[in-house]
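Structural overview
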Amino acid sequence: YEYSILSAMQSIDVEYLKDNADFALGIVTGNNEKYIHNERIENAEPVLRGSDIYKYVHGNSKQFIVFEPKKFQQVAPVELYRASEKLLYRFICDSLVFAYDDNQTLTLNSGNILIPHIFGMEIKYVLAVLNSRAAQFYFKLANNSIKVLRSHIETIPIPKVSIIDQNNIIKLVNKIIQTKDLKMIAEIYDEIDECIMKAYRLSTDYVSYIEKKTHTNNLFLRQ
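Notes on the structure follow. (Residues numbered from 1 in each chain as written. Predicted model: local features only at pLDDT ≥ 70, side-chain atom pairs only at ≥ 80, totals over all residues. Heavy atoms only, no water.)

Reading across the sheet, the four strands line up as E3-E5-E4-E8 and stay open at both edges, with mixed pairing between neighbours. Two strands close off the open sheet at either side, each with one partner strand: strand E3 (36–37) and strand E8 (106–107). Of the pairings in the sheet, the one linking strand E4 (residues 45–48) to E8 comprises two bridges and is parallel in character. When the bridges of E8 are listed, Val47 appears paired with Leu106. (Pairing = 2+ DSSP bridges. Helix = DSSP H or I, 4+ residues; strand = E, 2+ residues; numbered from the N terminus.)

Bringing the nonpolar core into the picture now. Core analysis: the largest hydrophobic core is formed by 51 residues, its most contacted members being Tyr56, Phe98, Leu114, Leu130, Ile192, Tyr200 and Leu202. Apart from the residues within four sequence positions on either side, Ile192 is in contact with Tyr56, Ala128, Ile169, Leu172, Val173 and Ile176. In terms of nonpolar packing, the next biggest core, distinct from the first, is built from 23 residues, Ile27, Ala76, Cys93 and Ile113 among them. (Core = buried A, V, L, I, M, F, W, Y, C linked by side-chain atoms within 4.5 Å. Buried < 20%, exposed > 50% of the residue type's maximum accessible area, 1.4 Å probe, protein only. Contact = heavy atoms within 4.5 Å.)

For the pair helix H1 (residues 2–11) and helix H5 (residues 133–142), interaxial distance at closest approach is 11 Å and the crossing angle is 120 degrees. The angle between H1 and H5 places the two elements in the oblique class. Note on packing geometry: the crossing formed by H1 with H5 is left-handed. For the pair formed by H1 and H5, the contact residues are Glu2, Ile5, Leu6, Met9 and Gln10 on the first element and Ala134, Ala135, Phe137, Tyr138 and Leu141 on the second. Class assignment of the residues belonging to the contact of H1 with H5 gives a composition of eight nonpolar, one polar and one charged. (Axes fitted to C-alpha atoms, helices over the stretch in contact; angles between N-to-C directions. Parallel < 35°, antiparallel > 145°, perpendicular 65-115°, else oblique. Left-handed = near helix turned anticlockwise from the far one by under 90°. Nonpolar A, V, L, I, M, F, W, Y, C, P; charged D, E, K, R; others polar.)

To continue, consider the packing of aromatic side chains. Taken as a whole and assessed by the stated rule, the structure comprises seven aromatic pairs. With 5.1 Å between their ring centres and 75 degrees between their planes, Tyr1 and Tyr209 make a pair best called edge-to-face. Linking Tyr1 in the segment before H1 with Tyr209 in helix H9 (residues 204–214), this pair joins segments that are 208 residues apart in sequence. One aromatic cluster is present, formed by Tyr1, Phe137, Tyr206 and Tyr209 through successive ring pairs. Between the NZ or CZ atom of Arg90 and the centre of the ring of Tyr54, over which it lies, the distance is 5.4 Å. The aromatic ring of Tyr100 is capped on one face by Lys124, whose charged end is 4.6 Å from the ring centroid. (Phe/Tyr/Trp six-rings, centres within 6.5 Å; stacked < 30°, edge-to-face > 60°. Lys NZ or Arg CZ within 6 Å of the ring centre and 35° of its normal.)

Mapped onto the elements of the fold, Lys86 is located in strand E6 (residues 86–90). Here Lys86 falls in the buried class, since its relative accessible area comes to 0%. Excluding residues that lie within four positions of it along the chain, Lys86 makes contacts with Leu80, Tyr81, Ala99, Tyr100, Asp101, Gln104, Thr105, Ile113, Leu114, Ile115 and Ile123. Of note is the side chain of Lys86, whose polar atom sits 2.9 Å from the backbone oxygen of Tyr81. A polar side-chain atom of Lys86 sits 3.0 Å from the main-chain carbonyl oxygen of Thr105. (Polar contact = N/O pair within 3.5 Å; in protein donor to acceptor, adjacent residues only side chain to side chain.)

Looking now at the sheet that holds E6. Taken together, the four strands give an open sheet; going across it, the order is E2-E9-E6-E7, and neighbouring strands pair in antiparallel fashion. Each end of this open sheet is capped by a strand with a single partner; those strands are strand E2 (21–24) and strand E7 (98–101). Each neighbouring strand pair of the sheet contributes to a mean axis angle of 25 degrees, computed without reference to strand direction. Strand contacts of helix H4 (residues 123–130): E6, E7 and strand E9 (111–116), with the helix running at about 160 degrees to E7, the strand carrying the most contacts.

Once that is clear, we can look at unusual backbone geometry. Although it is not a glycine, Asp19 sits at a positive phi angle of roughly 65 degrees. Looking at the element boundaries, Asp19 is found in the loop between strand E1 (14–15) and E2. Its identity is not glycine, yet Asn43 carries a phi of approximately 70 degrees, on the positive side. The topology assignment puts Asn43 in the loop between E3 and E4.

Attention now moves to the pairing of E7. Here E7 shows two buried faces, one formed by Phe98 and Tyr100 and the other by Ala99 and Asp101. Strand direction decides the pairing type here: E6 and E7, joined by four bridges, are antiparallel. Counterpart to Leu87 in the pairing with E7 is Tyr100.

Following this line, the structure appears as structure tokens:
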């Protein structure tokens, strides 16, 4: 029965992030004690850990780094960190947790980067799909991992919908990003989720089953 749901999610008109996205690891300093500061020093800027990332938004980091790439053990191309729009996601997690960032925010290697390039798909629509219960159900069944790997994300089917439908979902995404009230955030999340279920053209029975199987998952909506 579960396989039939995954098959249904793949059988509609979908796109995949494989070959249609830039992925990047967060910064590996090689010595966090030396390079990560608990207060803002001269030339330092906030740097996020995976635990600072929630669905749709990231928190305000209490840690800072002076970004000097040549001093660090591993750094992605700087233009990916400084992209005008990108998605950040928790790397060590058994759930898909993606946040939108348009502030060129830096992350450590527990928070990775995704920049979708699927023709005709807006970044905030892709964000809504990846944060949905349907995508979580697919991820859990297909991978069952405590790490969210690039190869996992690349296999999630992203349903193709009209620009009108995307814009309706993006309006809700903007609302959830701007809202502070936790009750309202949960309500908007459910509204977005309903739109994504429709995008996958899932039957009422399939929707009920996905909701039942994911109802105990931490949604990571806010702290």
